[in-house]
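Here is what each chain is made of, one letter per residue.
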Amino acid sequence: MSYEFALRPAPSEVAKRDWRLPLVAAGVWAAALAGLYGTVVSGLVAAAACLVLVVWGLRWTRGFAAALTTVAFGGILGAGVTTVHVAVRDHAGLAALTAAETHGEAELVLHTAPKPSTRRPELVTASARLRSFTAEGVALEGHWQVLLVANGEEWNGVAAGQRLTVPAVLREADAGRLTAAVVSARGPPESEGTLSLPHRVAAHVRERLVTAVGAVPQPEAGLIPALAVGDTTLMDPELAADFRTTGLVHLVVVSGYHLSLVVGAVLAVAVACRAGPCGRVVAGAVAIVAIVVVAGPQPSVLRAAVMAGMTLLALAAGRPRAAMPALSTAVLVVVLADSDMAAQAGFALSVAACIGLLFLAFRWARPLEHRGWPQPVALAVTIPVATQVAVTPLLVGLGSGVSLVSVPVNVLAALVAAPVVVLSVGAAAVSAVWIPGGEVAAQMAAVPARWLIWLARTGAEIPGALAPIPGGVWWGLGSAAALAVLVVLLQIRRLRVPLLAVLLAAGLGTVPACLMTGGPPSGWVVTMCDVGQGDALVLPAGEAVVVIDVGPDPAAVDACLDALGVERIALLVLSHFHIDHTAGIGGAIEGRQVNAILAPPPGEAQYGYELVEERAGAVPVLEAVPGEVFEFGATRLEVLGPPAELLSGTRSDPNNNSVAVRADVAGTSVLLTGDVELEGQRALLGSGAALGVDVLKVPHHGSSFQMREFLEAAEPAVALVGVGKGNEYGHPDPGPLALLEEGGALVFRTDESGRITVARSGNEFEVTTRD
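Procedures and definitions
Residues numbered from 1 in each chain as written. Predicted model: local features only at pLDDT ≥ 70, side-chain atom pairs only at ≥ 80, totals over all residues. Heavy atoms only, no water. Axes fitted to C-alpha atoms, helices over the stretch in contact; angles between N-to-C directions. Helix = DSSP H or I, 4+ residues; strand = E, 2+ residues; numbered from the N terminus. Parallel < 35°, antiparallel > 145°, perpendicular 65-115°, else oblique. Contact = heavy atoms within 4.5 Å. Nonpolar A, V, L, I, M, F, W, Y, C, P; charged D, E, K, R; others polar. Buried < 20%, exposed > 50% of the residue type's maximum accessible area, 1.4 Å probe, protein only. Expected span 1.5 Å × (residues − 1). Salt bridge = Lys/Arg side-chain N within 4 Å of Asp/Glu carboxyl O. Pairing = 2+ DSSP bridges. Phe/Tyr/Trp six-rings, centres within 6.5 Å; stacked < 30°, edge-to-face > 60°. Arc of directions from axis to C-beta. Polar contact = N/O pair within 3.5 Å; in protein donor to acceptor, adjacent residues only side chain to side chain. pLDDT = per-residue confidence, 0-100. Patch = residues over 30% accessible without salt bridge, like charges linked within 9 Å, V, L, I, M, F, W, Y side chains within 5 Å. Areas by Shrake-Rupley, 256 points an atom, 1.4 Å probe, with all protein chains shown as cover. Lys, Arg positive; Asp, Glu negative; His and termini not counted. Charge placed at Lys NZ, Arg CZ, Asp CG, Glu CD. Core = buried A, V, L, I, M, F, W, Y, C linked by side-chain atoms within 4.5 Å.

Draft legend 1. The arrangement of the packing of helix α7 (residues 237–245) against helix α16 (residues 435–461) in detail. Relative orientation of the contacting elements α7 and α16 amounts to 75°, with a least axis distance of 8 Å. As the angle between them shows, α7 and α16 are arranged roughly perpendicular. Contacts from Leu 239, Asp 242, Phe 243 and Thr 245 of α7 reach α16 at Leu 452, Ile 453, Ala 456, Arg 457 and Ala 460. Its residues assigned to classes, the contact of α7 with α16 comprises six nonpolar, one polar and two charged.

Draft legend 2. Layout of the side chain of Gln 681. Mapping Gln 681 onto the fold places it in helix α24 (residues 678–686). In this structure Gln 681 comes out as buried when scored by relative accessible area, which is 0%. Setting aside chain neighbours within four positions, we find Gln 681 in contact with Val 676, Pro 699, Phe 705, Gln 706, Met 707 and Phe 710.

Draft legend 3. Seen up close, helix α5 (residues 197–212). The end-to-end C-alpha distance of α5 is 22 Å, a good match for the 22 Å that 16 residues give at a rise of 1.5 Å each. Taken together, the buried positions of α5 are Ala 202, Ala 203, Val 205, Leu 209 and Ala 212. Check the buried side of α5 and you find it contacts α6 (220–229), α9 (277–295), α15 (417–431) and α16.

Draft legend 4. Representation of the pattern of salt bridges within the structure. Tallied over the full model, the rule gives 18 salt bridges. If you follow the salt bridges from partner to partner, you end up with Asp 558, Asp 562 and Arg 592 in one network.

Draft legend 5. Quick peek at the environment of Gly 93. Tracing the chain through its elements places Gly 93 in helix α4 (residues 92–99). With relative accessibility at 25%, the residue Gly 93 sits in the partly exposed group. Placed 21 residues apart in sequence, Gly 93 and Pro 114 show a C-alpha to C-alpha distance of 27 Å.

Draft legend 6. Main features of the sheet that holds strand β23 (residues 746–749). Spatially, the seven strands line up as an open sheet ordered β17-β18-β19-β20-β21-β22-β23, and their pairing is mixed. Only two strands of the sheet have a single neighbouring strand rather than two, namely β17 (629–632) and β23. In this sheet, neighbouring strand axes are inclined to one another by 20° on average, regardless of whether the strands run parallel or antiparallel. Note that strand β19 (residues 660–665) and strand β20 (residues 668–672) share five bridges and pair antiparallel. Following the sheet pairing, Val 661 is matched in β20 by Leu 672. Across the sheet, helix α26 (residues 734–742) touches β21 (695–697), β22 (718–721) and β23, and the angle it forms with β23 is around 145°.

Draft legend 7. Local environment of the packing of aromatic side chains. A complete count under the given rule lists two aromatic pairs for this structure. Pairing Trp 451 with Trp 454 gives two aromatic rings, centres 5.4 Å apart and planes at 15°, and the pair type is stacked. In this pair, Trp 451 and Trp 454 both sit in helix α16, three residues apart, roughly one turn of the helix.

Draft legend 8. Geometry of α26. By the burial criterion, the buried members of α26 are Pro 736, Leu 737 and Leu 740. For α26, the angular spread of the buried residues around the axis is 100°, confining them to a single face. Set apart from the buried face of α26 by more than 90 degrees, the exposed residues are Pro 734 and Glu 742. Against the buried residues of α26 lie β21, α25 (708–714), β22 and β23. A side-chain oxygen of the first residue of α26 lies 2.9 Å from the backbone nitrogen of Gly 735; this N-cap is Asp 733.

Draft legend 9. A look at the confidence of the model for the protein chain. When pLDDT is averaged across the protein chain, the result is 83; 92% of the residues are at 70 or more. Of all secondary-structure elements in the protein chain, the lowest mean pLDDT belongs to helix α18 (residues 493–516), at 65, while β21 reaches the highest, 94. Within the model, pLDDT remains below 50 along residues 1–15, and this stretch shows one contact once partners closer than five positions in the same chain are excluded.

Draft legend 10. Inspection of a negative patch on the surface at higher detail. Taken together, Glu 153, Glu 154, Glu 610 and Glu 613 make up a surface patch of like negative charges. In this fold, Glu 610 is placed in helix α22 (residues 606–616).

Draft legend 11. Fine view of a nonpolar patch on the surface. Together, Leu 53, Trp 56, Trp 60, Phe 64 and Leu 68 make up a nonpolar patch on the protein surface, roughly 520 Å² of accessible area in all. Taken together, the elements giving at least two residues each to the nonpolar patch come down to α2 (40–57) and α3 (63–89). Structurally, the position occupied by Trp 56 is in helix α2. Given a relative accessible area of 40%, Trp 56 falls into the partly exposed group.

Draft legend 12. A look at the nonpolar core. Core analysis: the largest hydrophobic core is formed by 31 residues, its most contacted members being Val 526, Leu 539, Val 546, Leu 571, Val 573, Leu 598 and Leu 720. Discounting residues that sit within four places of it in the chain, Val 573 has contacts with Val 546, Val 547, Ile 548, Asp 549, Leu 598, Val 659 and Val 661. One finds Val 538, Val 547, Val 566 and Ile 585 within the second-largest nonpolar core, a separate group that totals 28 residues.

The structure is reproduced here in C-alpha cells:
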C-alpha cells in the first residue's frame, strides 16, 4: 500500500502579495490631487514633507512605518510632477488676462473633438492647448491646457488634433484642475495646417462608421458608434440618460472591457495563425494602439491600455500575469504623465471598478463555482455586484445617485454585451476599408443592440430606478465605510447566510415601496422638480396636470413626473426657449399624452425652439396671449405675459418675454414667472394684473435682476427657487431672497431641498422636500 502526501510549503516559499507598488501609486495619486488645488509653493512644501518622511522611514522594512514611507515616496513623485504643471497653469500673464476677461484671438490645438455640453446642449466644449493669445497691446505664447466653449454649426466638422485660430474671450477656469483658462469662442474657427497621421486615422474611422450605420435604423444607429469607439454624438439623449440610470454607461465608454474583448479576439486570431509569442505580443500591441488612437485619450482608455500593455510584457517575458501590479503601474504612468487625471471622475470610477473586479468578483464567484455554477455564469453575476460595490462611494460622493437596477440589468446585459461590442468594433474596422462590409457588420450588431436598448429603457422606467442619495464627501466616505464593514462581515462564514438573507429581504422590500410610493399629497398645489440649473413645475389639472417648463435634463423631469404618477399633461407651458427650460422636453412627453403646448415666440432662442419643434411632433403649439384663460377642473390659469408688443433691446429679450401665468388651484394662488428680469417685471407691474399670491416661483432662478417693487407686490407666503447646486451663474443672489424673507416668505431652493411640493390644508401650507 502506498500513500501520497502533499507537503505544505514553508512560509518563506508562500507567495505573498507585494503592496509596495500599490502604495506608491496611492501616494502619487493623493499628492497629485492635492497639488492641483494648491500653488507652486504648497507643492514644493508637500514634496519636501514627503522627502522628510522617506528619510525618516528608511530604517523601517515592515509595518505601518514602512507603508507610510512607501506612500511618501509616491508623494514625492506626484507632488514634484504636479508642481511643474501647476507652475505652467498659474502663469502670471495668462492669469491677468483671464481675470480681466480679455477679448482677443486665440491659437489652439484641439485635444478632443467638440461635443455638446451636458449642461447646455446648444454649446460645444473641447479640451485644447492654447499656443498663443493676442489682444490689443498683449501677445502671449505658451502651451496651456484650456477648455474651449463655442456654439454654431461650423464647429461640427472640427476634429481632434486640429490647429485653429478663433476670436475669443479668456475666462477663469474652475479650481482643482490643470485647466488654465476657459476660452469662450466669439466667432467661427479658422483651421490651420493638416491633422497628424493618428488624428487623420481616427477621423477616417469615425466618419466611415457613421456612414456605415446609416443602413441601420435609430436608435441602434446611434448606439453602435458608442459601443465601438465611445462616439455618442449620434446617440439619442434620452437613451443615453437611460444608460446612465441603469448602470450600462460603461458599455458606451471605451474601457478595459472593450480592450479585453478586442485584444483577446486579436490574440485568438494570432494563435489560430500559429503565431509565436513575439507575434502575439506585436498583434496585441497593435490592437491596443489602434483603440487608443481611434477612441481618443479617455481616462478609462488610458488606464486599460497601460494594464493591457503590462499583460503583454508579462506574456513576452514568459512571466505570470499580475493584475494588481498592472493596475498600480497604470495609475502611476497615467497620473505622472498627466496630473489632471487625478481629478477626473471617469478615471477614478474606472480604477474603482477594476479594484472591485480584482478583489471581490473572483473571490465571490468561487463559492458559486463550488456549488456547480459554470465559471462564466458565476462571474456574470458577481462582476456587476462587485463593481457596483466598488463605485458606489464615488457615485455618492459625486452626487450622481445610485442605480438600484444596475446589477440585474448588467446581469441580463451580459447575455449580449460581448458579441455586440465585438460586432460594433468589427463594423468600425471593416467600414474603414469597405463601406458595404461595414454596413453588414452594423446590421449584425444592431440585433443584440436592441436587447441593450430594451433593457436600458425598461430599467429606467422602473420607479425608484435611480436612488437620489445625498452627495458630498462625507456621504461618500460614510457609504464607503458601511460597504467595507458589510464586505468584511460577509467573509465570516457564520454570518454570510443571515446577512445575505437580510439583504435579499431588504431588496425585495424595496420593490413594493418603489411601486406604491409616489403621487402628490392631499391638498396638492404645486411641485417644483429638482432638475438642476433650470425650471420644471407641476400643478394638478383634474385627472391630468399642467407642466410649466421641463428643465435641461430629460431624465430628471421624467423621474419627477413618474414620482407624481403623471400619465397625461393637459397643458405644457414653456415660459421661453432657453434650454434650461426646454431641453428636457423629451423626458416630459415620451410615454405620456400631451394635449397642447403653450409658448411665446422663439425670439433669439432658436436652438431651444428647434428642439421643441422636433420633439413636439403632432402636439399643437399655442401662442401665449395676455388675458387668455385655461381651466382644468379646480385649476384656473390666466396668461399675464409676455406683453402684446414684445420687449426688445433688453439685457435678455427671451427672458423678459417669458410666458408669465397666474394659477389658482382650489383657491390657492401661484405666480409662475419664467425668467422675467427687470424690464419684464416692470411690464407685469404696469399691466394691472393681480400679482399678490400665496406661492411665487421666483423669477430667473433668484438672480440679482429683481425689482423690489415686484417682489413686494407678490408678497408670497412661500417662494420657490429652481437652481442647480454649484452653478456657474452664482444663482440665487442673496439680496432678493433676503427681501422675500423680510416680507415673511418661506424660501425653498431645489439645490438645497431637492424636489419641493406645496400642499394646503385649510389655512395652513405644508411644504415637503425630497432629495
